[in-house]
Amino acid sequence: MKNCLICNKNPADKTGSHIIPHFLLKRIDNEDGSTKRDKEMGFLLSEFHPSSYFGRATKPETLEKVYGEEVTEERIANNKIPLVEDNIFCSDCEKRLGEIESQYSETIKHKCKPNNNYQNLEDSFLAFIFWTSIVWRLSIAQKSGFKLNISDEERLQMILSQFLSIKNYDLDDLKKGGILENITYKALRSIDYSDGKSTVLFCHPDIQNPYFFVIDEFILTFSIEKSISQTGFESIDDEFSNCEINSAFSGEFIRSVEPKIIDGIQEYFYSELSKRYLLNLSKEIDIIHQRLGGRGLLSMSIKEEIAKRIINDDEQPSGVKYTLKHKARIIFEVLKKYGG
Ligand SMILES: [Zn+2]
């Protein structure tokens, strides 16, 4: 058995380790007692696995719609759905992560009107370790689609191995050695956004200074040895410019933002998702066309007709629409019409 990726001492005996703490993930893809279908979807858009959009605890029919194919029990059992992994941590480290998470999760109760900053936690070190652990876990996760650069990843691992369990600490002591210096983050939160709307986990693969995440109703930038610059999302950068810079030593302040800030980033996300969906569809249509003896690529107008018919086929139950079968039937119908 490999060693724990945090302490690098004990065997990584723990199974079912969450990359994103359960208290946040369940808000992203929760389906507990929910009758609103849209609430139970969780997605990850990634650079490395652009087709892996998933909901960890999502109903199979919802997954099917997203994946375009059936998601079987076997697939779930085989842990193909990312963000829960086996044998990456030892039980000790897992327990220490759990303690940090359970303390931090208490702060989710805080309320604050939009366009104000609030102190979320007096214990800045706890908050710092909490977010550091998430950023690092996303980087070591097999299928998050997010990767820190190597020296940053190593540095955060050293911080976690040294400081995860530290309790009665003295901030001046922590400053010695400098390993915690020059790591800063900013956080926005649309409080109670998750109550009425679906949320996403989104790690931007191209933005590295700062690293940029949307996790549930939080938007986070995280910066290592660099001064925080802009994310390039105008509405978000405006809010971040009014936001306090957090570090291991200076309290955790969060800026409360309007729901429209999260709406905006989700719109961008869904538009990327549909672009990629249509791109994949276009490739699939060409493959079928060629297997049926056709030559070259099909014309755009035929592809558009297929896409429109799939999207507008409202007679299909939600669990069938977009599935491989559904897609295949419509592709064949349209190709047949054009003598394919
Ligand atoms: Zn360990």
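Check the entry above for the structure.
Residues numbered from 1 in each chain as written. Predicted model: local features only at pLDDT ≥ 70, side-chain atom pairs only at ≥ 80, totals over all residues.

Enquirer: For this particular structure, what's the right way to read unusual backbone geometry?
Expert: With the exception of glycine, most residues fall at negative phi, and the peptide bonds are largely trans. Of note, N8 is a non-glycine position whose phi angle comes to about 55 degrees, a positive value. As for its placement among the helices and strands, N8 is situated in the segment before β1 (17-18). Owing to 14 C-beta atoms within 10 Å, N8 belongs among the partly exposed residues under this scheme. The phi dihedral of D216 falls on the positive side, at around 55 degrees, and the residue is not glycine. The residue D216 is located in the loop between β7 (211-215) and β8 (218-224) in this model. Under the C-beta neighbour-count criterion, D216 is labelled buried, with 23 such atoms within 10 Å. (Helix = DSSP H or I, 4+ residues; strand = E, 2+ residues; numbered from the N terminus. Buried ≥ 20, exposed ≤ 12 C-beta atoms within 10 Å, placed from the backbone.)

Enquirer: Got a minute to help me understand the packing of helix α4 (residues 91-105) against helix α5 (residues 124-140) in this structure?
Expert: When two helices pack together, their arrangement is given by the angle between the helix axes and by the axis-to-axis distance. At their nearest, the axes of α4 and α5 sit 10 Å apart, and the two run at 120 degrees to each other. Comparing the axis directions of α4 and α5 gives the class oblique. Classified by chirality, the crossing of α5 by α4 is left-handed. Across the interface between the two elements, L97, I100, E101, Q103 and Y104 from α4 touch L126, A127, I129, F130 and S133 from α5. (Axes fitted to C-alpha atoms, helices over the stretch in contact; angles between N-to-C directions. Parallel < 35°, antiparallel > 145°, perpendicular 65-115°, else oblique. Left-handed = near helix turned anticlockwise from the far one by under 90°. Contact = placed C-beta atoms within 7 Å.)

Enquirer: What's the story with α5 in this structure? I'm lost.
Expert: It helps to recall that an α-helix has 3.6 residues per turn; residues three or four apart then point in one direction. The end-to-end C-alpha separation of α5 is 24 Å, in line with the 24 Å expected for 17 residues at 1.5 Å each. Along α5, 13 of the 17 residues are buried, which leaves the element largely enclosed by surrounding structure. (Expected span 1.5 Å × (residues − 1).)

Enquirer: I'm lost on α4 in this one. Help?
Expert: If you check α4, its first and last C-alpha atoms are 20 Å apart, about what 15 residues at 1.5 Å a residue would give, namely 21 Å. Among the residues making up α4, those that are buried are C93, R96, L97 and Y104. One side of α4 carries all its buried residues, which in axial view fall inside an arc of 100 degrees. Along its buried surface, α4 packs onto α5. (Arc of directions from axis to C-beta.)

Enquirer: Would you take a moment to explain the nonpolar core for this structure?
Expert: Inside soluble globular proteins, nonpolar side chains tend to come together where they are buried. In this structure, F89, W131, V135, F213 and L220 are the most contacted members of the largest nonpolar core, which totals 57 residues. Element by element, the count of residues in this core is highest for α5, at nine residues. If near-sequence neighbours (up to four positions away) are discounted, F89 is found in contact with C4, L5, I6, A12, K14, S17 and E94. Membership of the second largest hydrophobic core comes to six residues, among which are I285, L298, I310 and I331. (Core = buried A, V, L, I, M, F, W, Y, C linked by C-beta atoms within 7 Å.)

Enquirer: Would you explain the environment of S139 in this entry?
Expert: Mapped onto the elements of the fold, S139 is located in helix α5. A residue is classified by how many C-beta atoms lie within 10 Å of it, and S139, with 20 of them, is buried. Along the sequence, S139 and E153 sit 14 residues apart, while their C-alpha atoms lie 7.2 Å from each other. Beyond its immediate sequence surroundings of up to four residues, S139 is in contact with F146, K147, L148 and E153.

Enquirer: Just checking my understanding: could you explain the environment of V334 for this structure?
Expert: Its place among the elements puts V334 in helix α12 (residues 324-337). On the basis of neighbour counts, which here come to 20 C-beta atoms within 10 Å, the residue V334 falls in the buried class. Once residues lying within four places of it in the same chain are set aside, the contact partners of V334 are I302, E305, I306 and R309.

Enquirer: Explain the packing of α5 against helix α6 (residues 150-163) to me, please; I cannot follow it from the model alone.
Expert: Between α5 and α6, the least distance of the axes is 10 Å, while the angle of their chain directions is 130 degrees. As far as their axial angle goes, α6 and α5 are oblique. Where α5 crosses over α6, the handedness of that crossing is left-handed. For the pair α5 and α6, contact is made by I129, T132, S133, V135, W136 and S139 and by E153, L156, Q157, I159, L160 and F163, respectively. Here the contact of α5 with α6 is composed, by residue class, of seven nonpolar, four polar and one charged. (Nonpolar A, V, L, I, M, F, W, Y, C, P; charged D, E, K, R; others polar.)

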